[in-house]
Amino acid sequence: MTKKVTISMLFLGIIYCFSCFFILGIIIQSAIVFTHVGHIILSKKIIIDTLVLSGIAGITAGIGSWFFAKLDERKARKSSPSDPKS
């Protein structure tokens, strides 16, 4: 038996994707600034830009993965079960 795809899983997926993209964005921004300036600068503008970009990417990835999981769940219900004994 598989887990049902619920709305709470949608929000958890969005939060997870948002946090992963935010951390990755901060690391990439820091690396880019470090290569150009020579030291790490995390200004308010960089953090806000990263928050916006990770928000867009996190919401899109979360909704997309939830949507495809919902499609797979529906497809599994419609298909006839295979005979495991043969």
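The structure this text deals with has already been given above.
Description of the structure in this document. (Residues numbered from 1 in each chain as written. Predicted model: local features only at pLDDT ≥ 70, side-chain atom pairs only at ≥ 80, totals over all residues. Heavy atoms only, no water.)

One can find Ile47 in helix α2 (residues 44-78). Exposure remark for Ile47: the relative accessible area of 31% places this residue in the partly exposed category. C-alpha separation for the pair Ile47 and Gly25, spaced 22 residues apart in sequence, amounts to 9.0 Å. Residues in contact with Ile47, not counting those within four places in the same chain, are Phe22 and Ile26. (Helix = DSSP H or I, 4+ residues; strand = E, 2+ residues; numbered from the N terminus. Buried < 20%, exposed > 50% of the residue type's maximum accessible area, 1.4 Å probe, protein only. Contact = heavy atoms within 4.5 Å.)

Tallying each qualifying case throughout the model produces two aromatic pairs. Relative to Phe22, the ring of Phe18 lies with its centre 6.3 Å away and its plane at 15°, an arrangement referred to as stacked. Placement of the pair is Phe18 and Phe22 together in helix α1 (residues 7-37), with a separation of four residues, close to one helical turn. On the accessibility criterion, Phe18 (29% relative accessible area) is partly exposed. Given the relative accessible area of 23%, Phe22 is considered partly exposed. With centroids separated by 5.7 Å and ring planes inclined at 70°, the aromatic side chains of Phe67 and Phe68 adopt a geometry described as edge-to-face. According to the relative accessible area criterion, Phe68 is exposed, its value standing at 54%. (Phe/Tyr/Trp six-rings, centres within 6.5 Å; stacked < 30°, edge-to-face > 60°.)

Keep in mind these numbers describe shape, not what the thing actually does.
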